[in-house]
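# An overview of the molecular structure
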Amino acid sequence: MKALSQKRRHPLAVVALLVMGLLLTGLLYAVATSANKAKADTGFSASDVSEGQKLFVANCATCHGMGAQGSASGPSLVGVGAAAVDFQVGTGRMPMQMQGPQAQRKPEQFNEDQTRQLAAYVASLGAGPSLPDQAMLDGQGDATHGGELFRVNCAMCHNAAAAGGALTRGKFAPSLAGVSAQHIYEAMETGPQNMPVFSDANISPEGKRDIITYLQTIEKQGSPGGADLGGLGPVSEGLFMWVAGLGIIIAFTIWLTSRTS
Amino acid sequence: MSDTTTAYQAPTKVGRIAEYVDQRTGLSTVTREFGRKVFPDHWSFMFGEVALYSFIILLLSGTFLTFFFNPSMAETTYDGAYIPMRGMDMSVAYQSSLHISFEVRGGLFMRQLHHWAALLFVAAMSVHMLRVFFTGAFRKPREMNWVIGGVLLIMGMAAGFTGYSLPDDLLSGNGLRIIDGVIMAIPVIGTWISMFLFGGEFPGDAIIGRLYVLHILLIPAMILGLVALHLIFVVVHKHTQYPGPGRNDRNVVGYPLGPVYAAKAGGFFFIVFGVLAAIAAAFTINPIWNYGPYDPSPVSAGTQPDWYIGWVDGALRLMPGVLGDINGYRQHFEFVLFGQTLSLNILLPALVPAGIVFTVLFIYPWVERWITKDDREHHVLDRPRNAPTRTAIGMAGFTFYCVMWAAASSDLIATHFHVSLNDVTYWLRALFFVGPIIAFVVTKRIALGLQRKDREIALHGRETGRIVRLPHGEFIEVHAPLDEYKRYRLVAFDSPGVLPAQPNGKGVVDRKERRRAKLSKWYFEDRVAPVSVAELEAAHGHGHHEAIEAAPTSAGH
Amino acid sequence: MGNPSDGAPQQGGTVATAGQAGGQFEDPGLPPHRPRLADTDPRAAKRAERQVTWLFIISVIGTIVFLVSYFAIDLGPTSTVDAIRTQNILLGLSTAFAMLGIGTGIVHWAKALMPDHEVSEARHELRSEKDREAAVKIVDDIIEETGIKRRPLIRNTLIGALALAPLPALAVFGDLGPNANDKLRHTMWAPNAQTGKKVRLTRDPDGTPIKAADVTIGSAYHVIPEGLNDLHEGKLNEKAKSVVLLMRLNPQDLHVSPGRENWGYNGIVAYSKICTHVGCPVALYEQQTHHLLCPCHQSTFDLTNECQVIFGPASRPLPQLPIEVDSEGYLVATSDFHEPVGPSYWEREYS
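For clarity, every value in this text was computed on a predicted model and none was experimentally measured. (Residues numbered from 1 in each chain as written. Chains lettered and ligands numbered in written order. Predicted model: local features only at pLDDT ≥ 70, side-chain atom pairs only at ≥ 80, totals over all residues.)

## Structural notes on the overall build of chain A
- From N to C terminus, chain A includes eleven helices and two strands.
- Beginning at the N terminus, the succession of helices and strands in chain A can be written as α-α-α-α-α-α-α-α-β-β-α-α-α.
- Counting over 261 residues, chain A shows a buried share of 45%.
- Expressed as a percentage of contacts within chain A between residues at least 6 apart in sequence, the contacts between residues at least 24 apart total 68%. (Helix = DSSP H or I, 4+ residues; strand = E, 2+ residues; numbered from the N terminus. Buried ≥ 20, exposed ≤ 12 C-beta atoms within 10 Å, placed from the backbone. Contact = placed C-beta atoms within 7 Å.)

## Considering the overall build of chain B
- Along chain B, the regular secondary structure elements total 20 helices and ten strands.
- Seen through its principal axes, chain B has C-alpha atoms that stretch 95 × 90 × 65 Å.
- Within chain B, contacts between residues at least 6 apart in sequence are counted, and of these 72% link residues at least 24 apart.

## Describing the sheet that holds strand E8 (residues 300–302) of chain C
Residues and elements named next belong to chain C.
- The antiparallel open sheet is built from four strands, whose spatial order is E6-E7-E8-E9. On the outer flanks of this sheet lie strand E6 (284–286) and strand E9 (308–311), each paired with one strand and no other. On average, each strand axis in the sheet is inclined to that of its neighbour by 30°, with strand direction left out of account.
- Where strand E7 (residues 291–293) lies against E8, three bridges are found, and the strand directions are antiparallel. In the strand pairing of E8, Leu293 is matched with Thr300. (Pairing = 2+ DSSP bridges. Axes fitted to C-alpha atoms, helices over the stretch in contact; angles between N-to-C directions.)

## Quick word on the interface of chain A and chain B
- Across the boundary between the two partners, chain A contributes 51 residues, which contact 56 residues of chain B.
- For the side of chain A that touches chain B, the secondary structure elements donating two or more residues are helix H7 (143–153), helix H8 (155–158), strand E1 (165–166), strand E2 (172–173), helix H10 (205–221) and helix H11 (234–257) of chain A.
- Among the elements that take part in the side of chain A that touches chain B, H11(A) stands out by supplying 17 residues, more than any other.
- In terms of residue class, the side of chain A that touches chain B is built from 28 nonpolar, 18 polar and five charged. (Nonpolar A, V, L, I, M, F, W, Y, C, P; charged D, E, K, R; others polar.)

## Focus: unusual backbone geometry
Residue and element names in this part refer to chain A.
- Following Met94, the chain continues into Pro95 via a peptide bond in cis, with omega recorded as -5°.
- Residue placement: Pro95 occurs in the loop between helix H5 (81–90) and helix H6 (112–125).
- Of note in this structure, Ala162 is not a glycine but carries a positive phi near 60°.
- Relative to the assigned elements, Ala162 resides in the loop between H8 and E1.
- Judged by the 25 C-beta atoms lying within 10 Å of it, Ala162 falls in the buried class.
- Backbone geometry at Leu229 places phi at a positive 55°, although glycine is not the residue there.
- With respect to the helices and strands, Leu229 occurs in the loop between H10 and H11.
- We classify Leu229 as buried; it has 20 C-beta atoms within 10 Å.

## Quick word on the packing of helix H7 (residues 170–184) of chain B against helix H8 (residues 190–198) of chain B
Residues and elements named next belong to chain B.
- Between H7 and H8, the shortest axis-to-axis distance is 7 Å and the interhelical angle comes to 145°. Note on element contacts: H8 touches H7 through Gly190, Thr191, Ile193, Ser194, Leu197 and Phe198, opposite Asp180, Ile183 and Met184.
- A per-class count over the contact of H7 with H8 returns five nonpolar, three polar and one charged.

## Some points on the domain arrangement of chain B
- Here the domain parsing of chain B yields domain 1 (1–34), domain 2 (47–382) and domain 3 (442–549).
- Relative placement of domain 1 of chain B and domain 2 of chain B: their C-alpha centres are 44 Å apart. (Domains from an automatic or database assignment.)

## Structural notes on the sheet that holds strand E4 (residues 251–256) of chain B
- Pairing in this open sheet of three strands is antiparallel, and the strands run E1(B)-E4(B)-E1(C) from one edge to the other. Edge strands, defined here as strands with exactly one partner in the open sheet, are strand E1 (38–39) of chain B together with strand E1 (119–122) of chain C.
- Direction of pairing for E1(B) relative to E4(B): antiparallel, over a ladder of two bridges. Within the sheet, the bridge partner assigned to Val38(B) lies in E4(B) and is Pro256(B).
- Against the sheet, helix H10 (residues 257–282) of chain B makes contact with E1 and E4 of chain B, and its axis sits at roughly 75° relative to E4(B), the strand it touches most.

## Considerations on the interface of chain C and chain B
- In this assembly, 101 residues from chain C lie in contact with 117 residues from chain B.
- The greatest single-element share of the side of chain C that touches chain B, amounting to 17 residues, is contributed by helix H3 (residues 81–112) of chain C.
- When grouped by side-chain class, the residues that make up the side of chain C that touches chain B number 52 nonpolar, 36 polar and 13 charged.
- In this structure, E4(B) lies alongside E1(C), joined through four bridges in antiparallel fashion. Residue Gly254(B) lies in a different strand from E1(C), and its bridge partner there is Val119(C).

## A closer look at helix H4 (residues 92–102) of chain B
- Counting buried positions along H4(B) yields ten of eleven residues, so the element is predominantly enclosed.
- Among all positions in H4(B), only Ala93(B), Tyr94(B), Gln95(B), Ser96(B), Ser97(B), Leu98(B), His99(B), Ile100(B), Ser101(B) and Phe102(B) are buried.

## What to know about the domain arrangement of chain A
Residue and element names in this part refer to chain A.
- As far as domains go, chain A holds domain 1 (45–128) and domain 2 (134–223).
- Taking only C-alpha atoms, the centre of domain 1 and the centre of domain 2 are 23 Å apart.
- Contact residues are listed per partner, giving 13 residues for domain 1 and twelve residues for domain 2.

## Notes on the environment of Ala134(C)
All names here are of chain C.
- Relative to the helices and strands, Ala134 resides in helix H4 (residues 129–146).
- What makes Ala134 exposed here is the crowd of 11 C-beta atoms within 10 Å.
- Measuring from C-alpha to C-alpha, the distance between Ala134 and Arg36 comes to 52 Å, with 98 residues separating the pair along the chain.

## A word on helix H8 (residues 235–242) of chain C
All names here are of chain C.
- The element H8 is largely enclosed, with a buried count of six among its eight residues.
- Taken together, the buried positions of H8 are occupied by Leu236, Glu238, Lys239, Ala240, Lys241 and Ser242.
- Residues of H8 that are buried sit in contact with strand E3 (220–225) and strand E4 (244–248).

## Looking at the packing of H10(B) against H3(C)
- Packing of H10(B) against H3(C) leaves a shortest axis separation of 7 Å and a crossing angle of 160°. Relative to H3(C), the element H10(B) is oriented roughly antiparallel. Considering only the axes of H10(B) and H3(C), their crossing is left-handed.
- Considered class by class, the residues forming the contact of H10(B) with H3(C) number 23 nonpolar, eight polar and one charged. (Parallel < 35°, antiparallel > 145°, perpendicular 65-115°, else oblique. Left-handed = near helix turned anticlockwise from the far one by under 90°.)

Listed below in structure tokens is the structure:
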């Protein structure tokens, strides 16, 4: 007992406690989220809507207005649909930390249940894109057609290797690496920030499924040629050659012309 | 031809083989000339070799690629190994590039080796030229070889660009589209040249085949010829050397070709090959499977050329096309004169910066020679600090290049440093004009500062960090004197002064001469003279302390 | 004689070198040679020898690994990305070891075991005065014998003749190309000359027609003309001129200049996707700012103001494609573009 109390005063004890706490939280979170996945497909209940309204009033109404009808600092959310909410809140873009050129991805502020309730509330305000059909997110579509669609509709902003790219005045199209199929689908459906809307009439649900399949294929298989240097094209290749390539060569030339002891 | 009894008999087996060859070729004179030829040894002298070796690797890997590449623009449907492309329509050229990448054993390795070697080829040539410029190696008698080097750099860029376009992928196709746009902007004949080059409208079905012929036949042949000429001149002039004890303009100090230099140079080829192979093994270059086949509709964010074309692309990006509304009219750089369209917003950035860079590069040796009236042969190099104005001009030019270079990646600078794309462009537009001036001033000051530091060390020796207290209470730092070899390195350099205007043959100082004198003043007004024997004696005659006080006043500012 | 340039051949010219007052330093000559460890210690020499040998052996191993991996992994129409990557790494790294082994081995050998005495070789003059004199004389004689200096009329007419001689070539080549302007002005959007049938706007790459009702606010459609995918000859040539970006915004956001009132439909507008700078596809549409951005050189066009340039190197607005809705509700092009699309060229204003 004495030994334990001594160890408790050890400076590392606090660290150990913290780590244990974090692990436990993570574990509980993992269990909770996997439990939530199961009910994602069901429609929204009335209690979802009312819970969502409470969350909305507390967290979103400052910018979007009490009835989500919009204000000077935030657009109206009537008719944006559940998909938009799930994307914006689910990727942490909303609530925004501060006004800027565009809302950026950050750790989510709400758990899946709360996101769902918010989506239920906003969906109840007016018809809009609903959450995507899970069958369209399975990544079992036609990768070739998806690649073709991706290059025509997406690559100019997100880069051919989905590594992201610049827009005007500080805005940018983010990298698509690690973005879930559901969020990609919702982004196409709703056109968040400055992204154009790719409605089902423009790119059919099957087309969206193909695009997701293509993205998952290239992400999973990686580059056949080795490390991809960020997928940014000739600039990163040139930089690599000037810094690393010439650097190694210069190291060799110095060794080669130095005097042996 | 040894029909007399006194003929030379080789004592060894190697000697007898050599004798056999010599009797039929007369190569012994070559061996006598080259066998023990002396080459100075310094790491900065190796970049020309790096370029040469990269070129050899390019020839080897390129030959492999030609066995499988098909430069046809006919349409075909892909059914190869890369699943996300199956069933797609594409040109035969693109399809055969995918075939090389995915189905030919070692094909992807060869493609990556070839492309990485191309990047290194031009990079090594550029660094080599920078070294030659900053050390003054272009001076008489090497001016012609400097020009040959400049032409080789341009040919290297041409080789690179034609090769970059061959796979007929989306990235290079958009690059060709840009070239076509620039060509169309040429007054009077632009449209016609474009139609001629592409065999009709862009993209047509001829361009890949034509670029292929240029890339594998014409350009490499010209590079080979120029390289041969370049190397002949190196042999004729013998290599330059850095200043130092025992080295002067009448000798060349270094290792004999056989065996040491040959072994090092030969071994170095394998090292360059090995480094490139390691890079090609581990790092993707030009992932054409991501870009997809060329199609005029799509485009990828971050569409850039390979690095050596980047500065021209950057210049295109920097040019504003519209100046805004002035007096209610939109002021822009496209003019319609008598029904003809003149696109200065394209012509100016495409031609002017490249024109400036290459004109200055090609005529610089003669300009400097005119200003200094220096008609001596120079085989001992300048340390960059000992030619402050030249070094500053070089850095100004390099900065000019780098601003355009950075502009070619303005979008990536914006996304990776989280700044606005437009702001990056505005800043670079300002730096385009101001950057070279700042670089000139700063470099010149740094060079003069380093010269003063050299003087300090030559006069007072190195600071040892040991602090000694003198009997009367004063603290001084002990300086360790230099040995004569180290000192000679610091004091033996040419320090040209201002050369005032001189009357010509008729005894008249003409306008051109006065202009030259003005430039000479600008070049050499600020100078730090090398330490003389008398100054060193003075420094040693007095105590250390006094010597520091009596800082050289003869060195003007 | 402390200046390395002293004594170098001097052919005329005036050089102002300064700082010689006070005397220059004597060249102390090459520093004394310091022997290496391997020169004095036989064990060090032996060690260096072993190191070189090992480097060569590494190279041999590299070559063997190359051969093994070359034959062990076969590639073909069914090879996976993993197999390709593995082979690339194996072949590349084994080549690297094979080459670096030889290279570093030879260099180490040269550095540690071959003589490291620096030697000095005298430079020779490039050519002798006598040669030069003779050469100049020959050139002078040749010029003299032609009499070109004495007979300026011959010289001047020759220069004139030589200058004019290439003109026929220009004329001949000039006729090789088709009438460029004619081709560049016309795209597939022009209604059928015989039937007057207007061309439908279809989705790129699928080629399916677009209903006006499907174009919601904030949408961007990448558009090709109907029938483009059926072309066999010159498909890309036509596509390079006719690709269009179709967008819809609030009609009150659009500023429409006189004469263009009927070019859009209910806030739906179509603009050429080919940049007026040097021809990249201007495909980036920001649906909130209504800006179009070219990813190649960052030319920015303001969609609300008929695609006027607001930033970047382009000078001209993007050409607008006049559109309307046909009887079945599909979008069609009323006419061809009213000006050539893409980069400017000399004959652009010709009609």
